[in-house]
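A structural walkthrough
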2 protein chains.
Amino acid sequence: MPKNLIDVAAGRKKADLVIKNATVADVFNGVYMHGDVAVVGDRIAGVGKYDGETEVDGTGKYVIPAFYDAHLHFESVMVRPSEYLKLAVPRGVTAFNADPHEIANVCGEAGIEFMINDVAGIPADVHFMMPSCVPATGEDMSGCVLDGDDVKRIIAKYGLFGLGEMMNYPGVIGCDDDVLKKLGAAEIIDGHAPNVGGNALNAYLCGGILTDHECESVEEALEKTSKGMFVLIREGSQTRNLKTLIKAVNKRNLRRFLFCTDDRNIEDLKNMGSIGNAVRLAVECGMEPIDAVTIASLNAYEAYGIKKCGAIAPGYTANFTVCGDDAAQKVEKVYYRGKLVAENGAPLFDVKPADAKPLYGSVHIKKIAERDLDFEFKPGMTVMRVSPDTVVTEAATATKKDGLNLMCCIERHKKSGAIGHCYVDGFRLKGGAIAQTVGHDAHNITVLGDNTRDMMLAVNELGADGGLVVVKDGEVIGKLPLEIAGLMTDMPADAAIATRKKLLAALERMDYNKQIEPFMLLSFLTLIVIPDVKLNHKGLFSVDKWKYVYNG
Amino acid sequence: MPKNLIDVAAGRKKADLVIKNATVADVFNGVYMHGDVAVVGDRIAGVGKYDGETEVDGTGKYVIPAFYDAHLHFESVMVRPSEYLKLAVPRGVTAFNADPHEIANVCGEAGIEFMINDVAGIPADVHFMMPSCVPATGEDMSGCVLDGDDVKRIIAKYGLFGLGEMMNYPGVIGCDDDVLKKLGAAEIIDGHAPNVGGNALNAYLCGGILTDHECESVEEALEKTSKGMFVLIREGSQTRNLKTLIKAVNKRNLRRFLFCTDDRNIEDLKNMGSIGNAVRLAVECGMEPIDAVTIASLNAYEAYGIKKCGAIAPGYTANFTVCGDDAAQKVEKVYYRGKLVAENGAPLFDVKPADAKPLYGSVHIKKIAERDLDFEFKPGMTVMRVSPDTVVTEAATATKKDGLNLMCCIERHKKSGAIGHCYVDGFRLKGGAIAQTVGHDAHNITVLGDNTRDMMLAVNELGADGGLVVVKDGEVIGKLPLEIAGLMTDMPADAAIATRKKLLAALERMDYNKQIEPFMLLSFLTLIVIPDVKLNHKGLFSVDKWKYVYNG
C-alpha cells in the first residue's frame, strides 16, 4: 500500500481518484493553492499534476479538509447518533469527539454501548469519550453511578478515545481520590472549567486536562491557552460563544483553538450545519476563510495527537470536501477515506441502527398529584433568574409571586419520590406548563408552569418513555416522545423535525419570553455545575457556595 | 505525584522550587507574561503566585523553555557526545535529535552503542535516531552496511527515537525494497531532500517522511511546509540557511518550522552556542524574540509528538532557563526536569564517558606511494568547483592545471587500495596539503594539495587512528588526532579546542582561499548525495546524472 501510494505520487501509476484543476486549502501556510488532488485508497497521494481512474472536474471548486467537531453530545439533537450523522456528514463534518454523557447518566454502560453500536459502519471518525461525571456531582441522583473503576474498565472494554469533559473541577483541584482515578484512566482528557483561573486553573491542568469549551470571555480564553489548554470555541444552539471568543484568536495563537458544538438542536443542525456554521460565523466576524477552515480541521487533529489527518497533503487521510466556496459553506461532495460518502447534502451511505428497545421505558416515578408540585411562595425568598443566550442563572430575591413560574425537578430513575421546587424569574410563561425528561445531567423530569394543574398534566403525559410536552389551559397541545432513555426519539430525523415543528408551533401559541428557547434552557436549569443557582430533585442549589439555598 | 503536583499548583503545599517575580515566555500566545514559576519534582506546577522551599529571585529575569536541536551529528564537533553536552546544555539546549550517522558509517552498531553509552546519565533528552543510510549510497564504501533488517533490529534493541535523515530520496521515490523496509521500521522519520519538489516530493512524503533540513530557498521551504513537512532551519558552521529561510516564516506558519544545527564545529559551539545562535540570528533578521524562542522549543516537541514539553505551563516538564534577556542569549541557569544542571555557562553535572578504546585504530589502508596519488591533468577535463558557504559544488571544465588542487579519496575501511582522484577549483591551496579521515559519509581519507609529496606525507601522518593534518613544504605543521573512529578526538573539549587552535594557526600560515573553511568543506566533497559533482574512492561522480564523470 505505501508502495502503491508512492507509485501514484511519483506519477508512475494512475490515481484511483483525481479532483482536477482545483483550488486547494493549504492549512499549514494559511493560503489556497492550485492543482490536481490525487487519491489512492484511503490516502491523498499529493497535490500536483495527476491523472486518475476517476476524475472529477474541480475547476472553480475548492478542496477543503473535512471538519472535526471537537466536543458534542449526540443526545442533544434528540435523534439517534446515526440520524445525526446522516445530517452532519453531508455538511462536511467527518470527525466527532462525542461524549455520551447524557445517556450514561440515564442508562449507564448500556447507553454508551447503544451509541457505539448505532454508528458502526458509518463513514466518519466517531471518537467516543468516556463520560467522566456519572452522576455529575454527589448531589445528583442519576440513573447510574460510574466510579473510577468503572471508568477504567469501560474505556478499556470499548477502546474509548479518552475521558469526557471533567466537569468536577473542584474534585480535580481538591484531589478527590475517585476523580484522580478517573484522570489516570485516559491520556486524552477533555475539560470543563467555567470561570476557573489563576492557581485553581493551574491545579486543574496538573490533573492532565487538555481542553476547555466553557470560556465566556477573551481574557478567560487567553489565560487558558497561555497555560497550554486547547480552547474549544463553542457555537451550540443555546450556548453561543463564537462571536466573543473569536476575538481572542490571532494568527500567532490560531493553533490553540478548535471548534465544537457541544449541544445543538436538530433544526439548527439541519438548516445551518454544525462546524460549518462556526466557520461561517468566524468569517462573518472578519476571520480569513482559510484560518477558520484550519481551526475546523487540522487544529483538532493536532490537539488530539491524530497524525496525518486534517490537511490535503501527501500521505494524509483522504477526508475532504469539494465545495463551491472557500469556507466550505457550499459542500458539494464529501469524501471519507477516499470514498464519496455524500453529495449535494445527501448521504450516500447506509446505516444499521442499533436496537434501542432495551432503552425504552426509562421513566420510573410514583404517581404525581397536584399537591406534590405545589410550593409556597414567601416574599423575600431566593428565586432563579434566567436570561436569554446563556445557561448561567442568577440568584435573585423576589418580593411577589407575580410574573414568576414554578419549576419542579422530579427524580425519575429510582422511583424515590423526591421532588425539588423553586420559582423562576424571566421565563414569564402564562396559562400552561412545559415538561421534559431531558434535564442536565441527571435527566430527571423538569416541569415549569404557572399552575400546578397544567404542570401535573404535562408530567403525566410524559409517560414511561418520556419526551417533551406542552400544555396550555388544561390541554396537551404539543409533544415529542423521546423513547430512547427519555432523551432521543426513535423517529428518523425528518419525522422528528416534523414532530418538533408541531411542538414548536404549539410553543409559539404559548405566552412566554420569546427570546428564550424554552426546552433547551429548561434542560440546563438542573445542571448544578454551572453557576449561579440551579434546581435538582432536593431543592434550589447554589453552585458557588456548593450548598442548598433551601431543600424541598 | 500528580496529587502532590495538584496540591502545589492549588497553593496547598510549598513548591520545591519557585522562580519569583519573573517574566515568563508564553509560547502559545507569543507573548511574555509575569509571575512566579512553581516547580515540583520534574514538573512545572504553574505560573502564578507561589512560595517554594527554594526560591530564586527572577526580578528582571526571563524564564524560557529550554531549547531543542532538531537534528545534529555529534561527530561534527569532533569531541565525544558527553563533551558536546557539557558545552551545549549550559547554553540552554536540553533536547537533541542526534543521528550517529558518521560513526555508524565507520563502526556500525558498535559506534551507535558507544554514542548512546557516552551520554548516559547526562541531564538532557538525547534522542538518538537510527542512521538510515549506511552506506549513504550503493556507490559508497563505508566501514559497515546496515540494511533494512539491521535498521529494524537496532531501533528495537536500543529503543531509538526514529529513523535518521533519509538521504536516499531516489530510493524512496523509486520504491527500493530495502529503503521501504527501513521506512517501515520507525514512526518518526527525518528527511533530507535538497531541491526535491513537485510530484517527486509528494512521492518522498508518501514514504512517511516528517521533516527536511535541506531547504535553500523560501520557495522550497514553503512548498515543503505546504505538503505537511516540518522544515528545520539549519544554521551550522558550514551550511547556514537561516538568513534565507527565516523569510519563509510568518506568524501563521510559524508552527511548521524548527531549528537545527546539523553540523557545527567546536569553536562555534563554544563561542556562539548552537540553537541559541539561531535564535539570535532570527532576532537580528527581525523576528520577535518570543517567536524565535517558540521555534526553538515548543515547535520541535510538537513536531515530534512529545507531549507536555517545550512550554512553561502547568504539568509541563520543568526544562527551562533563567536568562538575562528575552531571547535566551544570556543564560544564567539551566533547569532540566526541575533540577539546576548548569549555571553561568558551567555544567553542574558529571559525565561517565564510555570506553572508546575499541573504536581506536579505525584506519585500514595499504601503504601509500606518491604515484598512488598522482593523476594526469588533461585540458578540457571536468573539475570540481567549490564556493564558500555551501557544500554544493559545480562541474566545471578546466583548460589548464594552474590554480587547481589535486584531491584524492582513499578507501580506509577494507584495505581495498581503491583511490579516487580529481582536480578542484576554488580552494587555491599552495605549497602543501591537508588530509583527514573525516569525509562524508563513508569517511574515507580525503587529501587535497598542490603536490603529491606533501599529500603523501599528510596521509601517512594520519596513522592508524586518523585525524586532521596540515603539511607545508614537506613538514607536518598541524595535527588533530581523532582516535575515536577517525572522527572524534578523545581529548576533553578544552584540550581539543587548544589543539584545534594550533591546527587552525597552522592553516593560517598556508596559502589558500581564506573564505573557505578547509577541513569542513573538504569533508563534504566526498558526499555524493549533494549536487553537483563529488569525489569518492572510485572517481569523480555526478550526483544529478547519478554516474561517474570518470573513474580513477
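Cut-offs used in this document
Residues numbered from 1 in each chain as written. Chains lettered and ligands numbered in written order. Predicted model: local features only at pLDDT ≥ 70, side-chain atom pairs only at ≥ 80, totals over all residues. Heavy atoms only, no water. Helix = DSSP H or I, 4+ residues; strand = E, 2+ residues; numbered from the N terminus. Buried < 20%, exposed > 50% of the residue type's maximum accessible area, 1.4 Å probe, protein only. Areas by Shrake-Rupley, 256 points an atom, 1.4 Å probe, with all protein chains shown as cover. Lys, Arg positive; Asp, Glu negative; His and termini not counted. Charge placed at Lys NZ, Arg CZ, Asp CG, Glu CD. Axes fitted to C-alpha atoms, helices over the stretch in contact; angles between N-to-C directions. Parallel < 35°, antiparallel > 145°, perpendicular 65-115°, else oblique. Contact = heavy atoms within 4.5 Å. Nonpolar A, V, L, I, M, F, W, Y, C, P; charged D, E, K, R; others polar. Pairing = 2+ DSSP bridges. Least-squares fit on C-alpha atoms with pLDDT ≥ 70 in both. Phe/Tyr/Trp six-rings, centres within 6.5 Å; stacked < 30°, edge-to-face > 60°. Lys NZ or Arg CZ within 6 Å of the ring centre and 35° of its normal. Buried area = accessible area lost by both parts, 1.4 Å probe. Salt bridge = Lys/Arg side-chain N within 4 Å of Asp/Glu carboxyl O. Polar contact = N/O pair within 3.5 Å; in protein donor to acceptor, adjacent residues only side chain to side chain. pLDDT = per-residue confidence, 0-100. Core = buried A, V, L, I, M, F, W, Y, C linked by side-chain atoms within 4.5 Å. Disulfide = S-S within 2.5 Å. Expected span 1.5 Å × (residues − 1).

1. A word on the overall build of chain A
For chain A, the helix and strand inventory stands at 18 helices and 28 strands. C-alpha atoms of chain A, sized along the principal axes, occupy 80 × 50 × 45 Å. By the burial criterion, 66% of the 552 residues in chain A qualify as buried. For chain A, the exposed surface amounts to about 18000 Å²; the carbon and sulfur share of it is 49%. Seen as two clouds, the 61 positive and the 74 negative side-chain charges of chain A have centres 1 Å apart.

2. Observations regarding the packing of helix α8 (residues 198-206) of chain A against helix α1 (residues 2-10) of chain B
Interaxial distance between α8 of chain A and α1 of chain B falls to 7 Å at its minimum, and their mutual angle equals 170°. As the angle between them shows, α8 of chain A and α1 of chain B are arranged roughly antiparallel. Touching Asn199, Asn202, Ala203 and Cys206 of chain A of α8 of chain A are Leu5, Ile6, Ala9 and Ala10 of chain B, all from α1 of chain B. Class assignment of the residues belonging to the contact of α8 of chain A with α1 of chain B gives a composition of 6 nonpolar, 2 polar and no charged.

3. Let's talk about the sheet that holds strand β26 (residues 533-536) of chain A
All names here are of chain A. Strand order in this open sheet of 3 strands is β26-β27-β28, and the pairing throughout is antiparallel. Of all the strands in the sheet, the pair left with one neighbour each is β26 and β28 (547-551). Sheet twist, expressed as the average angle between the axes of neighbouring strands with direction ignored, equals 30°. As judged from the 4 bridges shared by β26 and strand β27 (residues 539-542), these two strands associate in the antiparallel manner. Its bridge partner being in β27, Asn536 is matched across the sheet by Gly539.

4. Some details on the relation of the copies chain B and chain A
Expressed as a screw transformation, the operator carrying chain B onto chain A has a rotation angle of 180° and an axial translation of 0.0 Å, and the superposed copies differ by an RMSD of 0.0 Å. Those values place the two copies in the arrangement expected of a two-fold rotation axis. Interface overlap between copies: 100% of the residues of chain B at the interface are likewise at the interface in chain A, consistent with a symmetric, same-surface contact.

5. So, the packing of aromatic side chains
Two numbers describe a pair of aromatic rings. These are the distance of the centres and the angle of the planes. Residue and element names in this part refer to chain A. Within this structure, the stated rule accounts for 30 aromatic pairs over all chains. With a centroid separation of 5.5 Å and an interplanar angle of 85°, the aromatic rings of Phe377 and Tyr423 are classed as edge-to-face. Within this pair, whereas Phe377 is found in the loop between α15 (370-373) and β18 (381-385), its partner Tyr423 is found in strand β21 (residues 419-425), the two being separated by 46 residues in sequence. An identical accessibility class is assigned to Phe377 and Tyr423; each is buried. Ring pairing ties together the aromatic residues Tyr68, Phe161, Tyr301 and Tyr304, which thus form one cluster. Sitting over the ring of Phe230, Arg256 keeps its end group 4.0 Å from the ring centre.

6. Things to note about the pairing of strand β16 (residues 339-343) of chain A
Residue and element names in this part refer to chain A. Judged from the 4 bridges that link them, strand β15 (residues 331-336) and β16 form a sheet pairing that is antiparallel. Counted as the bridge partner of Tyr336 is Lys339 from β16. Here β15 folds back onto β16 in antiparallel fashion, the turn holding 2 residues, of which Arg337 has a positive phi close to 45°. Two successive antiparallel strands, β16 and strand β17 (residues 346-347), enclose a turn made up of 2 residues, where Asn344 displays a positive phi of approximately 45°.

7. Overview of helix α8 (residues 198-206) of chain B
Burial in α8 of chain B covers these residues: Leu201, Asn202, Ala203, Tyr204, Leu205 and Cys206 of chain B. Against the buried residues of α8 of chain B lie α1 (2-10) and β3 (43-48) of chain A together with β9 (162-166), α6 (169-173), β10 (189-191) and α9 (218-226) of chain B. Two residues or fewer past α8 of chain B, Gly208 of chain B is found with a positive phi of approximately 100°.

8. Examining the interface of chain B and chain A
When the parts come together, some accessible area is lost, and that loss is often what is quoted as the size of the interface. Taken together, the contact between chain B and chain A spans 57 residues of the former and 57 residues of the latter. Carbon and sulfur atoms supply 52% of the area buried between chain B and chain A, which totals about 4300 Å² over both sides. The tally of links between chain B and chain A comes to 8 salt bridges. Across the salt bridge formed by Glu187 of chain B and Lys307 of chain A, the nearest N and O atoms sit 3.8 Å from each other. Linking chain B to chain A there are 28 residue pairs in polar contact (both at pLDDT 80 or more). For the side of chain B that touches chain A, the secondary-structure elements that each account for two or more residues are α1, β3 (43-48), α6, α7 (177-183), α8, α9, α13 (289-296) and α14 (298-303) of chain B. Top element by residues in the side of chain B that touches chain A is α1 of chain B. It accounts for 6 residues.

9. Brief notes about the pairing of strand β2 (residues 31-40) of chain B
Residues and elements named next belong to chain B. Inspection of the sheet shows strand β1 (residues 15-26) paired to β2 by 8 bridges, in the antiparallel sense. In the strand pairing of β2, Ala25 is matched with Tyr32. The turn joining β1 and β2, which pair antiparallel and follow one another in sequence, is formed by 4 residues; a positive phi near 80° is taken by Gly30. Strand direction decides the pairing type here: β2 and β3, joined by 5 bridges, are antiparallel. When the bridges of β3 are listed, Asp36 appears paired with Gly48. The turn linking β2 back onto β3 is made up of 2 residues, and Gly41 within it adopts a positive phi angle of 55°.

10. Brief notes about unusual backbone geometry
With omega at -10°, the peptide bond leading from His440 of chain A into Asp441 of chain A counts as cis. With phi around 60°, Asn21 of chain B is a residue other than glycine that occupies positive phi space. Along the chain, the position of Asn21 of chain B falls in strand β1. A residue is classified by how much of its surface remains accessible, and Asn21 of chain B, at 34% relative accessible area, is partly exposed. Even without a glycine there, the phi angle at Arg337 of chain B is positive, about 45°. Counting through the fold element by element, Arg337 of chain B comes out in the loop between β15 (331-336) and β16 (339-343).

11. Concerning the confidence of the model for chain A
Summarising the model, chain A shows a mean pLDDT of 96, and 100% of its residues fall at 70 or more. The ipTM assigned to the predicted complex is 0.94, against a pTM of 0.95.

12. Observations regarding the pattern of salt bridges
Residue and element names in this part refer to chain B. Applying the stated rule across the entire model yields 74 salt bridges over all chains. The partner of Lys20 in a salt bridge is Asp51, and the shortest N-O contact between them spans 3.4 Å. Of this pair, Lys20 sits in strand β1 while Asp51 sits in the loop between β3 and β4 (52-57), placing them 31 residues apart in sequence. Note that Asp149 is salt-bridged to Lys181, the shortest N-O span being 3.2 Å. In this pair, Asp149 is assigned in helix α5 (residues 148-158) and Lys181 in helix α7, connecting sequence segments 32 residues apart. Assessed through its relative accessible area of 46%, Asp149 is described here as partly exposed.

13. Observations concerning the nonpolar core
In this structure, Tyr204, Phe259 and Phe427 of chain A are the most contacted members of the largest nonpolar core, which totals 184 residues. Top contributing element to this core by residue count: helix α17 (residues 493-509) of chain A, with 6 residues. Non-local contacts of Phe427 of chain A, meaning those with residues more than four positions away in its chain, are made with Val386, Asn405, Ile434, Leu448, Tyr512, Asn513, Ile516, Pro518, Leu521 and Leu525 of chain A. Ala25, Ile64, Ile246 and Phe377 of chain B belong to the second largest nonpolar core, which has 183 residues in total.

14. Details of the sheet that holds strand β22 (residues 432-436) of chain B
Strands belonging to one sheet form pairs held by backbone hydrogen bonds; the direction of such a pair is parallel or antiparallel. Residues and elements named next belong to chain B. The 8 strands are arranged β19-β18-β21-β20-β23-β22-β24-β25 in an open sheet whose pairing can be described as mixed. The sheet is open, and its two edges are formed by β19 (394-398) and β25 (475-481), each paired on a single side. When the angles between neighbouring strand axes are averaged without regard to direction, this sheet yields 25°. Taken together, the 5 bridges between strand β20 (residues 405-410) and strand β23 (residues 445-449) define a ladder with antiparallel strand orientation. Bridged to Ile410 within β23 is Ile445.

15. Brief notes about the environment of Asp374 of chain A
All names here are of chain A. When you line up the elements, Asp374 lands in the loop between α15 and β18. The sequence separation of Asp374 and Asn451 amounts to 77 residues, and the corresponding C-alpha distance is 8.6 Å. Non-local contacts of Asp374, meaning those with residues more than four positions away in its chain, are made with Leu406, His421 and Thr452.

16. With respect to the state of the cysteines
Within the structure shown, the criterion is met by 0 disulfides over all chains. With no disulfide of its own, Cys215 of chain A lies 10 Å from the sulfur of Cys260 of chain A, the closest cysteine sulfur. There is no disulfide at Cys409 of chain B, and the cysteine sulfur nearest it, in Cys408 of chain B, is 8.9 Å away.

17. Section: helix α17 (residues 493-509) of chain B
Structural remark: α-helix, 3.6 residues per turn; residues separated by three or four positions point the same way. Residues and elements named next belong to chain B. Here α17 spans 24 Å end to end across 17 residues, near enough to the 24 Å set by a 1.5 Å rise per residue. Those residues of α17 that fall on the buried side of the exposure criterion are Ala493, Ala496, Ile497, Thr499, Arg500, Leu503, Ala506 and Leu507. Check the buried side of α17 and you find it contacts α2 (81-88), α11 (266-272), β22, β24 (467-472), β25 and α18 (518-524).

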